[in-house]
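A closer look at the structure
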Amino acid sequence: MGVSEALLISIRVDERRWEELPVDVRDLCDSAVRASFASAAQGAYGEVSVLLTNDLAMREFNLQYREKGEPTNVLAFSSGSRPVPCDAKAEPVLWGDIAISLDRVEHEAKSESKSIRDHIAHLVVHGTLHLLGFDHKQVREAASMEKLEIISLARLGVRDPYSMDANPGSLPL
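Source: prediction; values computed, not measured.

1. Side note on the packing of aromatic side chains
Summed over the entire model, instances satisfying the criterion amount to three aromatic pairs. Considering the side-chain rings of phenylalanine 37 and tryptophan 95, the 5.6 Å spacing of their centres and the 80 degrees angle between planes classify their relative orientation as edge-to-face. Of this pair, phenylalanine 37 sits in helix H1 (residues 25-39) while tryptophan 95 sits in strand S4 (residues 93-101), and the two are 58 residues apart along the sequence. Note on phenylalanine 37: relative accessible area 1%, which makes it buried. When its relative accessible area of 1% is taken as the criterion, tryptophan 95 is described as buried. Taking 6.3 Å as the distance between ring centres and 80 degrees as the angle between the ring planes, the aromatic pair formed by phenylalanine 61 and phenylalanine 77 counts as edge-to-face. Here phenylalanine 61 is found in helix H2 (residues 55-66), whereas its partner phenylalanine 77 is found in strand S3 (residues 74-78), with 16 residues between them in sequence.

Written out as structure tokens, the structure is:
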């Protein structure tokens, strides 16, 4: 593994129900972060932290950091680092933290007729791209970010969540 590929992905599970899912969530999160880095052509150098939690914690984070009193599916807390060439002299980059609510994942996957695995992958990819500096506040930014999400998800065997084929009822639970 070269210097530009030394990525530490820390995954913390503070909601036991994550461990009861029929998918290896730790492996999925690790793979989704790495797929995002690859799709964004960013050297995988530094650290990303993923917290797998619930609506209660997400409501608190959302209130504290975004002044919104409801839970959300994913939050990304970027350190503000920007892509830089990696070499042996460079310090590892602390990219930031991602938090995901299992309650939102289950609710949204069911209501959107998506598999839990695919929805988790999408949220981790989405959060990781935010850490890498991508956003969706404006149309052009959103299109660029969606394209990278689609590419990242394809690396994980997940269909394009934005295509007409991904409408409710087309994906298994």
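Having put the structure on the table, let's press on.
2. Some details on the confidence of the model for the protein chain
Taken residue by residue, the protein chain gives an average pLDDT of 88. The fraction at 70 or more is 86%. Here residues 167-173 is modelled with pLDDT under 50, and outside its nearest four sequence neighbours on either side it reaches 16 contacts, counting other chains as well.

3. Examining the sheet that holds S4
Either a parallel or an antiparallel arrangement is found when strands of a sheet pair, and the pairing is made through backbone hydrogen bonds. With respect to topology, four strands assemble into an open sheet ordered S1-S2-S4-S3, the strand pairing being mixed. Each end of this open sheet is capped by a strand with a single partner; those strands are strand S1 (7-13) and S3. When strand polarity is set aside, the average angle formed by the axes of neighbouring strands in this sheet is 15 degrees. Where S1 and strand S2 (residues 46-53) come together, seven bridges link them in parallel fashion. Across the sheet, residue valine 13 finds its bridge partner in S2, namely leucine 52. Docked against the sheet, H1 engages S1, S2 and S4, running at close to 145 degrees with respect to S1.

4. Here's the deal with the packing of helix H3 (residues 102-111) against helix H4 (residues 116-131)
Relative orientation of the contacting elements H3 and H4 amounts to 120 degrees, with a least axis distance of 9 Å. Classified by the interaxial angle, the pair formed by H3 and H4 is oblique. Of the two possible hands of crossing, H3 and H4 adopt the one that is right-handed. Here Val105, Glu106, Glu108 and Ala109 of H3 come into contact with H4, specifically with Ile116, His119, Ile120 and Leu123. Its residues placed into classes, the contact of H3 with H4 shows five nonpolar, one polar and two charged.

5. Regarding the layout of surface pockets
Its volume calculated, the largest pocket comes out at about 280 Å³. Around the largest pocket, the lining residues are Val74, Leu75, Ala76, Phe77, Ser78, His126, Gly127, His130, Asp135, His136 and Lys137. Every element with two or more residues in the lining of the largest pocket is listed here: S3 and H4. With five residues, S3 is the single largest residue contributor to the lining of the largest pocket.

6. Things to note about unusual backbone geometry
One non-glycine residue, alanine 41, adopts positive backbone phi at about 55 degrees. Residue position: alanine 41 is located in the loop between H1 and S2. For alanine 41, a relative accessible area of 70% corresponds to the exposed category. Located in the positive-phi region is glutamate 67, a residue other than glycine, with phi close to 55 degrees. Looking at the secondary structure, you find glutamate 67 in the loop between H2 and S3.

7. Details of the pairing of S2
Taken across its eight residues, S2 has six buried, putting it largely inside the fold. A crossover links S1 with its parallel partner S2, the connecting element being H1, and its sense is left-handed. Relative to S4, S2 runs parallel, the two being bridged by eight bridges. Pairing of leucine 52 across the sheet is with isoleucine 100, part of S4.

Each value, and the rule that gives it
Residues numbered from 1 in each chain as written. Predicted model: local features only at pLDDT ≥ 70, side-chain atom pairs only at ≥ 80, totals over all residues. Heavy atoms only, no water. Phe/Tyr/Trp six-rings, centres within 6.5 Å; stacked < 30°, edge-to-face > 60°. Helix = DSSP H or I, 4+ residues; strand = E, 2+ residues; numbered from the N terminus. Buried < 20%, exposed > 50% of the residue type's maximum accessible area, 1.4 Å probe, protein only. pLDDT = per-residue confidence, 0-100. Contact = heavy atoms within 4.5 Å. Pairing = 2+ DSSP bridges. Axes fitted to C-alpha atoms, helices over the stretch in contact; angles between N-to-C directions. Parallel < 35°, antiparallel > 145°, perpendicular 65-115°, else oblique. Left-handed = near helix turned anticlockwise from the far one by under 90°. Nonpolar A, V, L, I, M, F, W, Y, C, P; charged D, E, K, R; others polar. 1 Å grid on protein atoms, 1.4 Å probe; cavity = no way out; pocket = protein on both sides within 12 Å on 5 of 7 lines; lining within 4 Å. Points joined across faces, edges and corners; volume = space filled by probe spheres on them. Right-handed = clockwise from strand over helix to strand, strands pointing away.

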